[in-house]
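Structural overview for review
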Amino acid sequence: MGTKERIRAEYHYAEWSFAQRLLFHLGVNWTYRGFGSALEAAILAKRDESLKSCMKIVYIDVAKKNKTDKENVRRDITTLIRVIWENGNREFLAELAGKNLEERPTCQEFIWILANHIGKREKQPEWNGFTEMSE
């Protein structure tokens, strides 16, 4: 079972699907190794608020599930963020962050941004976070 299938099986489908759409709209897809790691880290952080301040634990959990080490997880997410920042939908990232981003977010900030929006979707099911897509 690949990463995509394992994540889909392990997490609630609506939560997984919404997080995946956030990343797609940011301009990245499954071809980036950090995609699955970012997706999984954001869902884990959303489920346990205390993990948002300790990304090391999130990286370790994601690494164990993907049979790699925490440094690879962090590096892959960092690469994903760089791709979004340089070639992706930076405006949508700023919208998700709720502020103008002067510099590229750190891994922790990026995961926190995604986790907040996954949680917001649960609290307000009618909110989809994709104002540009609904036009």
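What comes next is a walk through the structure. Being a predicted model, the structure only gives us computed values, none of them experimental. (Residues numbered from 1 in each chain as written. Predicted model: local features only at pLDDT ≥ 70, side-chain atom pairs only at ≥ 80, totals over all residues. Heavy atoms only, no water.)

Thoughts on helix H3 (residues 33-47)
Owing to its 3.6 residues per turn, the α-helix brings residues three or four apart onto one side. Stated formally: The helix and strand labels rest on DSSP assignments: H or I over at least four residues marks a helix, E over at least two residues marks a strand, and numbering proceeds from the N terminus. Working rule for helices: expected span equals 1.5 Å times residues minus one. For each residue, the accessible area found with a 1.4 Å probe, counting protein chains only, is set against the maximum for its type, and the residue is called buried under 20%, exposed over 50%, and partly exposed in between.
Here H3 is 15 residues long and its end C-alpha atoms lie 22 Å apart, about the 21 Å a rise of 1.5 Å per residue gives. Where burial is concerned, most of H3 is hidden: 13 out of the 15 residues are buried.

So, the nonpolar core
Convention followed: Put simply, buried Ala, Val, Leu, Ile, Met, Phe, Trp, Tyr and Cys residues joined by side-chain atoms within 4.5 Å make one nonpolar core.
Core analysis: the largest hydrophobic core is formed by 40 residues, its most contacted members being Leu23, Leu26, Ile77, Leu80, Leu93, Phe110 and Ile111. Residue assignment for this core shows that the elements contributing at least two residues are helix H2 (13-26), H3, helix H4 (55-65), helix H5 (70-87), helix H6 (90-97) and helix H7 (107-123). The greatest single-element share of this core, amounting to eight residues, is contributed by H3.

Remarks on the layout of surface pockets
Keep this limit in mind: For cavity detection a 1 Å grid was placed over the protein atoms alone, and a set of points counts as a cavity when a 1.4 Å probe fits there but cannot get out; an open set counts as a pocket when protein lies on both sides within 12 Å along at least five of seven lines, with lining residues being those that have an atom within 4 Å of a point. Grid points are joined across faces, edges and corners, and a volume is the space filled by probe spheres set on the points. Asp, Glu, Lys and Arg are counted as charged, while Ala, Val, Leu, Ile, Met, Phe, Trp, Tyr, Cys and Pro are counted as nonpolar; the rest, among them Gly, fall into the polar class.
The computed volume of the largest pocket comes to approximately 220 Å³. As for the largest pocket, its lining consists of Ala97, Lys99, Asn100, Leu101, Glu102, Glu103, Arg104, Pro105, Thr106, Glu109, Trp112 and Ile113. Tallied by class, the residues present in the lining of the largest pocket amount to five nonpolar, two polar and five charged.

Focus: the packing of aromatic side chains
To keep it simple, the criterion reads: Only rings of Phe, Tyr and Trp enter the pairing, Trp through its six-membered ring, and a pair is recorded when the two centres are within 6.5 Å. The plane angle decides the type: under 30 degrees is stacked, over 60 is edge-to-face, the rest tilted. As a reminder, the over-ring test applies to NZ of lysine and CZ of arginine, requiring each to be within 6 Å of the ring centre and within 35 degrees of the ring normal.
Within this structure, the stated rule accounts for two aromatic pairs. Arranged with centres 5.4 Å apart and planes meeting at 25°, the rings of Phe24 and Phe35 form a pair that is stacked. Separated by eleven residues along the polypeptide, Phe24 in helix H2 and Phe35 in helix H3 bring together distant segments of the chain. On the accessibility criterion, Phe24 (36% relative accessible area) is partly exposed. Judged by its relative accessible area of 0%, Phe35 is buried. Between Trp30 and Phe35 the ring centres are 4.6 Å apart and the planes differ by 50°, which places this aromatic pair in the tilted class. Cluster of aromatic residues (ring-pair linked, three or more members): Phe24, Trp30 and Phe35. Residue placement shows Arg90 over the ring face of Trp85; its charged tip is 3.8 Å from the ring centre.

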